[in-house]
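Each chain, letter by letter, is given below.
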Amino acid sequence: MKLLPVISLLALTSATSALDNGLMRTPPMGWMSWERFRCNIDCENDPKNCISENLFRDMADRLAEDGWKEMGYDHVMIDDCWSSMLRDKDGRLQPDPQRFPGGIAKLARYLHDRGLKLGIYGDLGTHTCGGYPGTTLDKIDTDAQTFASWGVDFLKLDGCYSNEEEQQKGYPLMSKALNATGRPIGYSCSWPAYRGGLPPSVNYTLLGEICNLWRNYDDIQDSWDSVQDITDWFFDNQEILQPEAGPGRWNDPDMLIIGNFGLSVDQSRSQMALWAIMAAPLIMSNNLRTLSSEARAILQNGAAIAINQDPMGVQGRRLLQERSQIEVYWRPLSQSASALVFLSRRQDMPYRYHTSLAKLNYTAGSYEAYDVFTGKTLSGLSAATEFTVSINPSGVVMWYVYPKMHYEHPQDDGRYPYFRQKYRMSSSLRFHKPRVVPPSLL
Ligand code: GLA
């Protein structure tokens, strides 16, 4: 009898606890098929580009061999159109037998052998958006178990062909079902994108408890217009969205389209910079087999990635929209550092923007700024120092800003602490010894 309150307390705790799969403490990184390869199933005429096991193996090879994995891009994510039109005799999803003759489990092993993870796509509803079999409420457990049995590491659960009530039930149920498999599976919920992305229709507190990331808004397309539209929506709604992100729970403005056809080099830098400020998942959808060296350099920029992956996991904000069509974005980072992005929405010529850190709310002190895309360091900045940045049309200047150090730090290896080890940095980020750190940072 005495045990009863304890038991009900336990039941309550497990029913209300956050999604505790320990995954995605920083935004996930990797590659996903949709934006670039869509629902191309014509393997007869377009064997290199159709949705098939060969495409995912090819991309896995590129991630493993071209330096992507080392930078953190470790997921290969299958999007829509992978499955057979029919479930098997036991009601389980199965891959299209012509396009995935080896099956998903074998593909997962191929990736795991290379230190990569496999993501798959499902849809809560009668059909996927592309018309393939969906996961209705009665199929949630079966599908979670099937994915786990294949060794899948991540699920994007889309929301075509379901109504509000089904989504209200289904997204939490899939979260439970994935946890119940015992396999850690990252969980991306498209739920908010189907409910307008904003409260009261969307409950971000609940989403944070059941999903690792969520699509809030429309699909990205291969154009600068689309990047701008998404950016505007996320920052126009930053009061609502920004506080919802954190380690293990991320807003997802959709895939990186850098390396495709729609963005110039400047616009590609802009997408990378803004996605880093947003603490967005860095999920590329491009053709890694034919990527230009410029696109690769932007996507593998160590400082931009380090900013995106900052362990504090605080999403950034838009600080200013100037009449000159310059916008300033800011994100606080670990070790009292921060990132600044100056974006030009102009269409004429490089714009010389004058400001100071004090005007951008920085407190008094001395700072240094590492320019993420030129690799140059600006030292001797006080908060009051007036400076000028030249920003290309639809381009950015991106800075990693850190307090100038005043005291010797015995363990310091000559780099600002946060950038140690993990990311390949330009040597200009190395400080002149002796290393110095203010006591507040020790
Ligand atoms: C929806 C999603 C996209 C993609 C397609 C697949 O539109 O938002 O990201 O998964 O479905 O059909």
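Anything mentioned here points back to the structure above.
Being a predicted model, the structure only gives us computed values, none of them experimental. (Residues numbered from 1 in each chain as written. Predicted model: local features only at pLDDT ≥ 70, side-chain atom pairs only at ≥ 80, totals over all residues. Heavy atoms only, no water.)

Participant: Help me understand the site of the ligand in this model?
Facilitator: All residues in the neighbourhood of the ligand are listed as Trp34, Asp79, Asp80, Tyr121, Cys129, Gly130, Lys156, Asp158, Arg215 and Asp219. One of the side-chain N or O atoms of aspartate 79 is found 2.6 Å from an oxygen atom in the ligand. Between the ligand and lysine 156 there is a distance of 2.8 Å, counted from an oxygen atom to a side-chain nitrogen or oxygen. Within the complex, the protein chains bury 91% of what would otherwise be the 310 Å² of accessible surface of the ligand. (Near = heavy atom within 4 Å. Polar contact = N/O pair within 3.5 Å; in protein donor to acceptor, adjacent residues only side chain to side chain. Areas by Shrake-Rupley, 256 points an atom, 1.4 Å probe, with all protein chains shown as cover.)

Participant: Which parts of the structure should I look at to understand the state of the cysteines?
Facilitator: Every disulfide links exactly two cysteines, by a covalent bond between their sulfur atoms. Under the definition given, this model contains four disulfides. Two residues share a disulfide in this structure: cysteine 43 and cysteine 50, whose sulfurs sit 2.0 Å from each other. Its S-S torsion of about 105° marks the bond between cysteine 43 and cysteine 50 as right-handed, since a negative value means left-handed. Using a relative accessible area of 23% as the deciding quantity, one classes cysteine 43 as partly exposed. What makes cysteine 50 buried here is its relative accessible area of 0%. Between the sulfur atoms of cysteine 129 and its disulfide mate cysteine 160 the distance is 2.2 Å. (Disulfide = S-S within 2.5 Å. Buried < 20%, exposed > 50% of the residue type's maximum accessible area, 1.4 Å probe, protein only.)

Participant: Teacher, can you tell me more about the pattern of salt bridges here?
Facilitator: Pairing is possible between side chains that carry opposite charge, provided their charged atoms lie close to one another. Scanning all chains against the criterion turns up 26 salt bridges. With a shortest N-O distance of 3.9 Å, glutamate 165 and lysine 169 are connected by a salt bridge. Remark: lysine 169 and glutamate 165 occur in helix α7 (residues 164-180); sequence separation between them is four residues, near one turn of the helix. Exposure remark for glutamate 165: the relative accessible area of 55% places this residue in the exposed category. Across the salt bridge formed by arginine 318 and aspartate 236, the nearest N and O atoms sit 2.8 Å from each other. On the criterion of sequence distance, the pair formed by arginine 318 in strand β9 (residues 317-321) and aspartate 236 in helix α9 (residues 224-236) is long-range, its members being 82 residues apart. Put simply, Asp88, Lys89, Asp90 and Arg92 are held in one network by salt bridges that share partners. (Salt bridge = Lys/Arg side-chain N within 4 Å of Asp/Glu carboxyl O. Helix = DSSP H or I, 4+ residues; strand = E, 2+ residues; numbered from the N terminus.)

Participant: Hey, could you run me through the environment of proline 393 in this one?
Facilitator: Position of proline 393 relative to the elements: it lies in the loop between β15 (386-391) and β16 (396-403). Residue class for proline 393 comes out partly exposed when judged on its relative accessible area of 23%. Placed 127 residues apart in sequence, proline 393 and aspartate 266 show a C-alpha to C-alpha distance of 7.8 Å. Here proline 393 is in contact with Asp266, Ser344, Arg346, Gln347, Asp348, Met349 and Pro350, once residues within four sequence places are set aside. (Contact = heavy atoms within 4.5 Å.)

Participant: What is the right way to read the pairing of β9 from this model?
Facilitator: Remark: a regular strand shows side chains that alternate across the two faces of the sheet. Looking at chain direction, β9 and strand β10 (residues 326-332) are connected through four bridges and run antiparallel. Paired with leucine 320 across the bridge in β10 is valine 328. Where β9 folds back on β10, the antiparallel hairpin that results is connected by four residues, among which glutamine 325 adopts a positive phi of roughly 70°. (Pairing = 2+ DSSP bridges.)

Participant: Explain the packing of aromatic side chains to me, please; I cannot follow it from the model alone.
Facilitator: Throughout the structure, instances matching the rule amount to 18 aromatic pairs. An angle of 85° between the planes, with centres 5.3 Å apart, marks the rings of tryptophan 68 and tyrosine 73 as edge-to-face. Per residue, the accessibility class of tryptophan 68 equals that of tyrosine 73, and both read buried. Measuring from centroid to centroid gives 6.5 Å for tyrosine 217 and phenylalanine 234, while their planes differ by 90°, and the two rings are edge-to-face. Linking tyrosine 217 in the loop between β6 (213-215) and α9 with phenylalanine 234 in helix α9, this pair joins segments that are 17 residues apart in sequence. (Phe/Tyr/Trp six-rings, centres within 6.5 Å; stacked < 30°, edge-to-face > 60°.)

Participant: Would you mind showing me how to read the sheet that holds strand β8 (residues 282-284) here?
Facilitator: Pairing between the strands of a sheet is mediated by backbone hydrogen bonds and can be parallel or antiparallel. An order of β7-β6-β5-β4-β3-β2-β1-β8 is seen for the eight strands of this open sheet, with the pairing classed as parallel. Each having just a single partner strand, β7 (250-252) and β8 make up the two edges of the open sheet. This sheet shows a mean twist of 25° between the axes of neighbouring strands, independent of strand direction. Looking at chain direction, strand β4 (residues 154-158) and strand β5 (residues 186-189) are connected through four bridges and run parallel. Bridge pairing in β5 places leucine 155 opposite tyrosine 187. (Axes fitted to C-alpha atoms, helices over the stretch in contact; angles between N-to-C directions.)

Distances and angles like these do not, on their own, reveal function.
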